Number of protein chains: 4
Amino acid sequence: MSNSYGRLFRITTFGESHGQAVGVIIDGCPAGLEIDIDFIQKELDRRKPGQSAIVTQRKEADKIQILSGIFEGKSTGSPIAMLVWNEDAKSKDYEHLANVFRPSHADYTYQAKYGIRDYRGGGRSSARETLARVAAGAVAKLFLRKLGIEIYAYTSQIGELVLQKPYKALDLNLVETNEVRCPDRALAEQMIAYIKEIRKQGDTIGGVVSCVCKNVPVGLGEPVFDKLHAELGKAMLSINAVKGFEYGSGFEGVKMRGSEHNDIFFKENDKIRTKTNFSGGIQGGISNGEDIYFRVAFKPVATLMQNQETINTQGESVEVMGKGRHDPCVVPRAVPIVEAMAAIVLMDFYLVHKALNFKNL
Amino acid sequence: MSNSYGRLFRITTFGESHGQAVGVIIDGCPAGLEIDIDFIQKELDRRKPGQSAIVTQRKEADKIQILSGIFEGKSTGSPIAMLVWNEDAKSKDYEHLANVFRPSHADYTYQAKYGIRDYRGGGRSSARETLARVAAGAVAKLFLRKLGIEIYAYTSQIGELVLQKPYKALDLNLVETNEVRCPDRALAEQMIAYIKEIRKQGDTIGGVVSCVCKNVPVGLGEPVFDKLHAELGKAMLSINAVKGFEYGSGFEGVKMRGSEHNDIFFKENDKIRTKTNFSGGIQGGISNGEDIYFRVAFKPVATLMQNQETINTQGESVEVMGKGRHDPCVVPRAVPIVEAMAAIVLMDFYLVHKALNFKNL
Amino acid sequence: MSNSYGRLFRITTFGESHGQAVGVIIDGCPAGLEIDIDFIQKELDRRKPGQSAIVTQRKEADKIQILSGIFEGKSTGSPIAMLVWNEDAKSKDYEHLANVFRPSHADYTYQAKYGIRDYRGGGRSSARETLARVAAGAVAKLFLRKLGIEIYAYTSQIGELVLQKPYKALDLNLVETNEVRCPDRALAEQMIAYIKEIRKQGDTIGGVVSCVCKNVPVGLGEPVFDKLHAELGKAMLSINAVKGFEYGSGFEGVKMRGSEHNDIFFKENDKIRTKTNFSGGIQGGISNGEDIYFRVAFKPVATLMQNQETINTQGESVEVMGKGRHDPCVVPRAVPIVEAMAAIVLMDFYLVHKALNFKNL
Amino acid sequence: MSNSYGRLFRITTFGESHGQAVGVIIDGCPAGLEIDIDFIQKELDRRKPGQSAIVTQRKEADKIQILSGIFEGKSTGSPIAMLVWNEDAKSKDYEHLANVFRPSHADYTYQAKYGIRDYRGGGRSSARETLARVAAGAVAKLFLRKLGIEIYAYTSQIGELVLQKPYKALDLNLVETNEVRCPDRALAEQMIAYIKEIRKQGDTIGGVVSCVCKNVPVGLGEPVFDKLHAELGKAMLSINAVKGFEYGSGFEGVKMRGSEHNDIFFKENDKIRTKTNFSGGIQGGISNGEDIYFRVAFKPVATLMQNQETINTQGESVEVMGKGRHDPCVVPRAVPIVEAMAAIVLMDFYLVHKALNFKNL
């Protein structure tokens, strides 16, 4: 158990891949926020299966239904419950997995931990759970929009295909113009072709999602344990298939000397700025007003359309091959999930900072 | 505020670099655990300043004092309060910083967030706070030892000097045989020489700490938000100067295909094992019994013994140069800190799993 | 916001009186528990409106629907989402209240706190929310039953009609044999007649629910802040209309001397017992194995079928009179709610104690 | 374990009666608050032992020492660690208790729960722990003072001696003019004489502390679980020896009809008020701007200067008689503790409300 996330803006998700519904309760949304349901739906549409040729072909409308917490179009301060009904679950495709542990899936660890496992579609370990995060993240985005905060995630790597340009050299408005969500058109086409090729081989591939948060006010983050980047890291690492997180200069920064890496302060129009931003917008665990940027590594999907060796629940050697409908690469659909989790973290920290910040005490 | 960490095994730290003391309260240590104070002290000694030529020369005994929670040598289930008195604080070395924001330090963000700042030695943002983590981590290690769990961290990169061998090819017992805590003797010497050279230049350098956790039982980790690697990631990212975290195949794994990356299950002496371990011992956010391993990126120390451009609290351009005693590279002293945070996370998850796990309900 | 309760066994509720649904997510139910849906429904039936002549006549089936967390009849360790659809909401009965603050209701404070208010049926402040607690409490009871723990609540006072007998002199199996849930038949009849008379006058009346928990193991409760009785107290005080909580000797006990009040220990069949039980089964905040008993005070319902003076949202004097369907006394329906909250507290503390309790460390 | 309390203003206490020190870490005190150490000390002096003839004669200076979180007289936003060294512990007086379970003490339950017990002075179960609460409460009072919030607790009952007047008929400035802290001089003298008589008999007596909170702004309290009175109730019930809590009309209110009990709204100088205040300043779990008042029941102290029957850890019948220095009645010293816990709750809820409250979203 640990299906809640956040301190003041707190989400609790539920639901399995082939259960009745997947949903979320948001507790701690300030009252008076206009809830634009169309926007929430649009965000879900960015994540939903069947949206393009390079993602799973499971057909779900993923239509959001709001059960509580909204009155006359606005949040009331009461918990906002939202859910999506599962409509296209084909549990038959999973019957052969009831007694088999798929390699690099959560089948074995769930069985070992809980002694029972809903094997249909991966049950609770399915990335279908992330739709609840996207719905909650959409609400957070509606709030952050009031503060001028913008969040842009995009695909920056698929397998060996790497987007070398820094985010400042990109037009982030291009992200949604292609199926793989890479803001470089030429590279996007290569990525799409590559994923199609991988799929044809019954194989899968990993990738990286990059994310930039603009106009974050100075002061978000709660040292020493809930540093802003620490919580962003946890939020990202909690997404299915994530293997790594780095912000600012990240792992590359370790090769630099302090004299290269330090971001020099200067003043620009009454605002304190830094000349470079190796800090990634966060210093001492607190936002400094510069762009926050980070990268999230996603492993290749574990379900293959190939025979794989494995064992069954009796410990006997067997072969397994994916049936059903799966993503050859999670990265394109992960883009809105990364944004959603970033929005949830930023909103939560904004509220905590607001609580404790007194101008004249 | 967020100076507590953990759910059931919960630590709360306090103290500034040049305040009276730095300490920790552990709440949730099971009763009956023998508390080996010498061991706690030894762990602190691994972290303490002045221990070698390549770390800060601040002279602190860092002698642990236990104020509560122990009776006749054993934990009682009551909170364990431990502290270390600050003895060698030289606050004069910091007076010139009272009104200056050092580049890439937390000076500016603390001032902006709190409107007040204890500038002496970095105040609360100083890595001196991590001694409290090491003390608490030592208690966690005493507990984990009862379960046979072992944790080994080591320096695997300093600047461009990279330890290429995987951890299985290393003798981890060599870690403590050299000042830089790298288990490859030849590389360790190069690293030490390199850090000395960097220091001579008044500069600093980053690096990577790798960590391996052995004999972790199957079942630790609490999806969907408190996945084991997500919490390990947060714990590591909360350490001063950390910029990135990856586990198992990490960022490199994104280049792999599923058919290469999947860890094939097999049975060995009644135990379910995997042939490879790109999963890093964690699947679906839950430990699978294989070794857990991860890497933590540390940026170069921000304080330089060089002149740097910056601004003061009035926004005027000034120059600043470090005085006092500083590390040219945090990595050697970070090794026990990484271990401590790993121990705290594993113990906490062990307790949560124990709470919820019923064999015959 | 604070719609979650519990540490390890944690419930999050949502829903308004006239919204689409009211429900709960249980996070932290151990896997492998048989979920007897009929039992959950029976518990809801004990709370539901329209069940007798002395309660509100709103007609709700209150049929439980489980959306997640159960597989083949058993809990899986994943969140259990349950809800009830609102079917008989008559929001028209509340239109006259949109701009009026009913005396001693939450209308004014909700409006002042949130700046917006779902006035229909009291919105989130309606006791309809408690059905979510009863559903969750039913799951907790299924768990506690495995441990042999039994919980009995009953009506012990309606207005001036007081059940003078101590619980040991009562046959608690009679509680469900009458509409007012008082285990003394003669007094029950008086109470029922009295409530009917009160209703006829368009008035309401308060009362007391007493509760006994049997076979609670020694050791539950987490000092110093989460003492067992402190958490039971909070849980009860969080129920709508509750004004007081006392356990064991309670407020009467303050008149006693220590020499009268102390419970003398003795040994009975290898079990440590106390001769008296003024402690109410809890000493130092921890259960001692004796019966836990406590009393919960409920104020008279605020909605009257009489004209009352009040003000509207403009601050103008107006008169208001209840429409719709209301309870003349909440106590009979509060009995299962008190039991549910007690069950949730006990289960939660049981899990926490299990986590931290090692026989041979 | 559960030695932390509060959400945003969060305290963590440690220490045993005869250990080295008792203390507290405050996490979440807003930065910039002037910390008046003299005031903190004065609050501790109101609680300290040996202050008068009717309390325990243990001689402790209870001098507060602040270790962190303050810079140039103001809070910095970092954790404030405060402690008091134990100086007059006479552990010899407790040696005869090492193997005996004192009636109605926490000896047996601590032993059973933890398997180990610091029997000296009651260890962690001693009310000496409450000094940490008073120190933290003093900081909360300094904050609340900025908002104009005032908290007055007083002794309203000792045994059968009951202060019948409502708080509005009392001069609360008289509380500190007598040793028993009763604002009615004549009754105070009777109470003092009574307690002396009880002490002479080697016996003890219970009592009630009443508390009034004035000028609490409208809007504090977080339904549905963290209603303001629910959290006040938990906070009070967590104090040693407390057996009951009621607010507003409390247990007496259950006898009233709704038509008597409802508090009629009216407007006074642009402020919404109620004509009566049976609600005790809280409606729907949220403060309504009227005075908050509540009562807390304390049982008679368990330690008697008389022989009592009991059993030892072997289960054998033995006799036990208190040695050492004890209170014949905890109530006089409990007055500042009740105020402290009330202050902590109000400050915490103030911060949470501030976080979530937006005027124009």
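Quick look at the structure, then. (Residues numbered from 1 in each chain as written. Chains lettered and ligands numbered in written order. Predicted model: local features only at pLDDT ≥ 70, side-chain atom pairs only at ≥ 80, totals over all residues. Heavy atoms only, no water.)

Quick look at the overall build of chain A
Then, in step 1: The number of helices and strands found in chain A is seven helices and 19 strands.
Then, in step 2: The C-alpha atoms of chain A give a radius of gyration of 21 Å, which matches the 21 Å a tight globule of 361 residues would have.
Then, in step 3: For the C-alpha atoms alone, the extent of chain A along its principal axes is close to 65 × 50 × 35 Å.
Then, in step 4: Residues classed as buried in chain A amount to 70% of the 361 residues present.
Then, in step 5: Of all intrachain contacts in chain A linking residues separated by at least 6 positions in sequence, the fraction that spans at least 24 positions is 70%. (Helix = DSSP H or I, 4+ residues; strand = E, 2+ residues; numbered from the N terminus. Rg over C-alpha atoms; globule rule 2.2 N^0.38 Å. Buried < 20%, exposed > 50% of the residue type's maximum accessible area, 1.4 Å probe, protein only. Contact = heavy atoms within 4.5 Å.)

Details of the packing of aromatic side chains
Then, in step 1: Inspection of the entire model under this criterion finds 44 aromatic pairs over all chains.
Then, in step 2: When the ring of B:Phe71 is compared with that of D:Tyr119, the centres are 5.6 Å apart and the planes differ by 90°; the resulting orientation is edge-to-face. Within this pair, whereas B:Phe71 is found in strand β5 (residues 70-71), its partner D:Tyr119 is found in the loop between α2 (107-114) and α3 (130-147), the two belonging to separate chains.
Then, in step 3: Here the aromatic residues A:Phe101, A:Tyr108 and B:Phe265 are joined through ring pairs into a cluster of three or more.
Then, in step 4: A cation over an aromatic ring shows up here: C:Lys354 above the ring of B:Phe358, its NZ or CZ 4.3 Å from the ring centre. (Phe/Tyr/Trp six-rings, centres within 6.5 Å; stacked < 30°, edge-to-face > 60°. Lys NZ or Arg CZ within 6 Å of the ring centre and 35° of its normal.)

Quick notes on helix α4 (residues 185-200) of chain B
All names here are of chain B.
Then, in step 1: Here α4 contains 16 residues, and its C-alpha end-to-end distance of 23 Å stays within 8% of the 22 Å for a straight helix at 1.5 Å per residue.
Then, in step 2: Within α4 the residues assigned to the buried category are Leu-187, Ala-188, Met-191, Ile-192, Ile-195 and Ile-198. Buried residues along α4 cover an arc of 140° about the axis, so they all sit on one side. What points out from α4, more than 90 degrees from its buried face, is the exposed set Arg-185, Ala-186, Glu-189 and Lys-200.
Then, in step 3: Buried positions along α4 lie against β9 (150-158), β10 (161-162) and α7 (331-356). (Expected span 1.5 Å × (residues − 1). Arc of directions from axis to C-beta.)

Description of the pattern of salt bridges
Then, in step 1: This structure, assessed with the given rule, holds 116 salt bridges over all chains.
Then, in step 2: Taking the shortest distance from any N to any O, the salt bridge between A:Asp226 and B:Lys234 comes out at 2.6 Å. Pair noted here: A:Asp226 is in the loop between β11 (207-214) and α5 (228-237) and B:Lys234 is in helix α5 (residues 228-237), and the two residues belong to different chains.
Then, in step 3: Judged by relative accessible area, which is 8%, B:Lys234 ranks as buried.
Then, in step 4: Between D:Glu43 and D:Arg46 there is a salt bridge, with the nearest N and O atoms lying 3.3 Å from each other. With a gap of three residues between them, D:Glu43 and D:Arg46 both fall in helix α1 (residues 37-47), about one helical turn apart.
Then, in step 5: A residue is classified by how much of its surface remains accessible, and D:Glu43, at 7% relative accessible area, is buried.
Then, in step 6: Judged by relative accessible area, which is 12%, D:Arg46 ranks as buried. (Salt bridge = Lys/Arg side-chain N within 4 Å of Asp/Glu carboxyl O.)

Side note on the relation of the copies chain A and chain B
Then, in step 1: Superposing chain A onto chain B takes a rotation of 180° plus a shift of 0.0 Å along the axis, which leaves an RMSD of 0.0 Å. As the rotation angle and translation indicate, the two copies are arranged about a two-fold axis.
Then, in step 2: Of all interface residues in chain A, 100% are interface residues in chain B too; the two copies therefore contact each other through one and the same surface. (Least-squares fit on C-alpha atoms with pLDDT ≥ 70 in both.)

Side note on the interface of chain A and chain B
Then, in step 1: The interface is formed by 107 residues belonging to chain A together with 107 residues belonging to chain B.
Then, in step 2: Where chain A abuts chain B, roughly 8200 Å² becomes buried across the two surfaces, and 58% of that area is made up of carbon and sulfur atoms.
Then, in step 3: Three residues, A:Lys113, A:Phe225 and A:Lys243, lead the burial of chain A against chain B; their summed loss comes to 11% of the area buried on that side.
Then, in step 4: In this structure, the connection of chain A to chain B is made through eight salt bridges. (Buried area = accessible area lost by both parts, 1.4 Å probe.)

A closer look at the pairing of β11(A)
Residue and element names in this part refer to chain A.
Then, in step 1: When you tally the buried positions in β11, you get seven out of eight residues, the bulk of the element.
Then, in step 2: Summarising the sheet, strand β9 (residues 150-158) and β11 pair through eight bridges and their orientation is antiparallel. Paired with Ile-151 across the strands is Cys-213, a residue of β11.
Then, in step 3: Here seven bridges tie β11 to strand β17 (residues 292-298), and the two strands are oriented antiparallel to one another. For Gly-207, the partnering residue across the bridge sits in β17 and is Phe-298. (Pairing = 2+ DSSP bridges.)

Some words on the sheet that holds β9(A)
In a beta sheet, neighbouring strands pair by backbone hydrogen bonds and run either parallel or antiparallel.
Then, in step 1: If you trace the ten strands from one edge of the open sheet to the other, you get β10(A)-β9(A)-β11(A)-β17(A)-β12(A)-β12(B)-β17(B)-β11(B)-β9(B)-β10(B), paired in antiparallel fashion. With one partner strand each, in any of the chains shown, β10 (161-162) of chain A together with β10 of chain B form the two edges of the open sheet.
Then, in step 2: With two bridges joining them, β9(B) and β10(B) adopt antiparallel strand pairing. Bridge pairing in β10(B) places B:Ile158 opposite B:Leu161.
Then, in step 3: The strands touched by helix α7 (residues 331-356) of chain A within the sheet are β9, β11 and β17 of chain A, with β9(A) carrying the most contacts at an inclination of about 145°. (Axes fitted to C-alpha atoms, helices over the stretch in contact; angles between N-to-C directions.)

Notes on the relation of the copies chain A and chain C
Then, in step 1: With an RMSD of 0.0 Å, the fit of chain A onto chain C corresponds to turning through 180° and sliding 0.0 Å along the axis.
Then, in step 2: Taken as a fraction of all interface residues of chain A, those also at the interface in chain C reach 100%, which identifies the copy contact as same-surface.

Observations concerning the sheet that holds strand β3 (residues 21-27) of chain C
All names here are of chain C.
Then, in step 1: What the five strands build is an open sheet, ordered β1-β2-β3-β7-β4; its pairing is antiparallel. Every interior strand has two partners, whereas the edge strands, β1 (4-5) and β4 (65-66), have only one.
Then, in step 2: Bridge count between β1 and strand β2 (residues 10-14): two bridges; the pairing is antiparallel. Bridge pairing in β2 places Tyr-5 opposite Ile-11.
Then, in step 3: With respect to the sheet, helix α3 (residues 130-146) is in contact with β2, β3 and β7 (80-85), its orientation differing from that of β3 by roughly 35°.

Some remarks on the side chain of A:Ser17
Residue and element names in this part refer to chain A.
Then, in step 1: Mapped onto the fold, Ser-17 is located in the loop between β2 (10-14) and β3 (21-27).
Then, in step 2: A relative accessible area of 3% means that Ser-17 is categorised as buried.
Then, in step 3: A polar atom in the side chain of Ser-17 sits 3.3 Å from the backbone oxygen of Gly-121.
Then, in step 4: Not counting residues up to four positions away in its chain, the partners in contact with Ser-17 are Arg-58, Asn-86, Ala-89, Arg-120, Gly-121, Gly-123, Ser-126 and Arg-128. (Polar contact = N/O pair within 3.5 Å; in protein donor to acceptor, adjacent residues only side chain to side chain.)

Regarding the side chain of D:Gln283
Then, in step 1: Topologically, D:Gln283 is positioned in strand β15 (residues 282-283).
Then, in step 2: At 3.1 Å, the side chain of D:Gln283 and the side chain of D:Ser279 are in polar contact.
Then, in step 3: If we ignore the near neighbours within four places in the chain, the residues touching D:Gln283 are C:Ser104, C:His105, C:Ala106, C:Thr109, D:Asp263, D:Phe265 and D:Asn288.

As for the interface of chain A and chain C
Then, in step 1: Between chain A and chain C, the contact holds 41 residues from the first and 41 residues from the second.
Then, in step 2: Summed over both partners, the interface of chain A with chain C comes to about 3200 Å²; 64% of that surface belongs to carbon and sulfur atoms.
Then, in step 3: Counting across the interface, chain A meets chain C through zero salt bridges.
Then, in step 4: Where chain A meets chain C, there are ten residue pairs in polar contact (both at pLDDT 80 or more).
Then, in step 5: Residue assignment for the side of chain A that touches chain C shows that the elements contributing at least two residues are β2, β3, β4 (65-66), β6 (74-75) and β7 (80-85) of chain A.

Honestly, that's just the spatial picture; any functional story needs more than this.
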